[in-house]
Amino acid sequence: MINRFILLLCLAATPALADDWRPYANARFGYAIDLPGDFKVTAEADNGDGMTLTSKDGKAELRVFGANRMEDDFAAEVKSRVAMDKQDGWAIGYNKSSKTWASYSGSRKDRILYVRAIALCHDAIGYFTLDYPKAALTQYDPIVAHMVKTLAAPPRCG
């Protein structure tokens, strides 16, 4: 009886969770990610590599996109991106990576930038970048964590 009650509670909570996140799959590069439900699409790339979204209050910008690798390998590509962000004035304070993923973040004035990259098929890389106010750090930490967990490459390369 208790198990049924718990199951009913879980099922009742499912629609609320689904409202908070919406899945997105990119046809061109094959990556997938959950997007925050209250962010609205403000621009879509003409070439099909991704989109830009803005938070409900307009204070945060999320970009999800795929790109063909320009450097020799994944690590070199991420290093190049970090260098570009540093050149744009971001003070990078966190930078971790492996052979198939990388995350880094930094600050500039009253803003925070978080970047996640994953290796995709055919020397491509999938990214999300989230630029948001420092004052909203605790609000965006769980959003970043969820997106890091859900940014995924295709199961197989075709």
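So, a few notes on the structure that sits alongside this text. Owing to the predicted nature of the structure, the values given are computational and were not obtained by experimental measurement.

1. Description of the side chain of D49
Then step 1. Locating D49 in the fold gives a position in the loop between strand 3 (40-44) and strand 4 (50-54).
Then step 2. No salt bridge is formed by the buried D49; its nearest oppositely charged neighbour, R28, is found at 4.7 Å.

2. Points about the packing of aromatic side chains
The geometry of two aromatic rings is summed up by the distance between their centres and the angle between their planes.
Then step 1. Going through the model one piece at a time under the given rule, you end up with five aromatic pairs.
Then step 2. Measuring from ring centre to ring centre gives 4.9 Å for F65 and Y127, while their planes differ by 20 degrees; the resulting arrangement is stacked. Taken together, the positions of F65 in strand 5 (residues 61-68) and Y127 in strand 9 (residues 124-133) put the pair 62 residues apart, joining distant regions of the chain. Both residues of the pair, F65 and Y127, count as buried.
Then step 3. Between the aromatic rings of Y114 and F128, the centroid separation amounts to 5.9 Å while the plane-to-plane angle is 25 degrees, which identifies the pairing as stacked. Here the residue Y114 occupies a position in strand 8 (residues 111-119), and F128 occupies one in strand 9, the gap between them amounting to 14 residues. Side by side, Y114 and F128 carry an identical accessibility label, which is buried.
Then step 4. Grouped by ring-pair contacts, the aromatic residues F39, Y132 and Y140 constitute a single cluster.

3. Looking at the side chain of R116
Then step 1. If you trace the backbone, R116 turns up in strand 8.
Then step 2. Here R116 sits buried without a salt bridge, and the closest side chain of opposite charge, D141, lies 13 Å off (N-O distance).
Then step 3. In this structure the side chain of R116 is engaged in a polar contact, spanning 2.8 Å, whose partner is the side chain of S103.
Then step 4. Not counting the four nearest positions on each side in its chain, R116 is found in contact with W101, A102, S103, G126, Y127, F128, V148 and L151.

4. Section: the sheet that holds strand 4
Then step 1. Strand order in the open sheet made by the seven strands is 3-4-5-9-8-7-6, with antiparallel pairing throughout. The open sheet has two free edges, formed respectively by strand 3 and strand 6 (91-97), since each of these has just one partner strand. Each strand axis lies, on average, 15 degrees off the axis of its neighbour in the sheet, ignoring direction.
Then step 2. Looking at chain direction, strand 7 (residues 101-108) and strand 8 are connected through eight bridges and run antiparallel. Bridging from a neighbouring strand, Y104 pairs with V115 of strand 8.
Then step 3. Of the strands in this sheet, strand 5, strand 8 and strand 9 are in contact with helix 3 (residues 137-150), which crosses strand 9 at around 170 degrees.

5. Focus on the nonpolar core
Then step 1. In terms of nonpolar packing, the biggest core is built from 27 residues, with I33, L35, L62, V64, F128, L130 and Y140 touching the most fellow members.
Then step 2. Elements represented by at least two residues in this core include exactly strand 1 (21-25), strand 2 (32-36), strand 4, strand 5, strand 8, strand 9 and helix 3.
Then step 3. At five residues, helix 3 tops the list of elements feeding residues into this core.
Then step 4. If near-sequence neighbours (up to four positions away) are discounted, L35 is found in contact with D20, W21, R22, Y24, M51, L53, L62 and V64.
Then step 5. If you look at the next biggest cluster of nonpolar residues, it comprises 13 residues, including F65, V78, A117 and Y127.

The rules we used
- Residues numbered from 1 in each chain as written.
- Predicted model: local features only at pLDDT ≥ 70, side-chain atom pairs only at ≥ 80, totals over all residues.
- Heavy atoms only, no water.
- Helix = DSSP H or I, 4+ residues; strand = E, 2+ residues; numbered from the N terminus.
- Buried < 20%, exposed > 50% of the residue type's maximum accessible area, 1.4 Å probe, protein only.
- Lys, Arg positive; Asp, Glu negative; His and termini not counted.
- Salt bridge = Lys/Arg side-chain N within 4 Å of Asp/Glu carboxyl O.
- Phe/Tyr/Trp six-rings, centres within 6.5 Å; stacked < 30°, edge-to-face > 60°.
- Polar contact = N/O pair within 3.5 Å; in protein donor to acceptor, adjacent residues only side chain to side chain.
- Contact = heavy atoms within 4.5 Å.
- Pairing = 2+ DSSP bridges.
- Axes fitted to C-alpha atoms, helices over the stretch in contact; angles between N-to-C directions.
- Core = buried A, V, L, I, M, F, W, Y, C linked by side-chain atoms within 4.5 Å.

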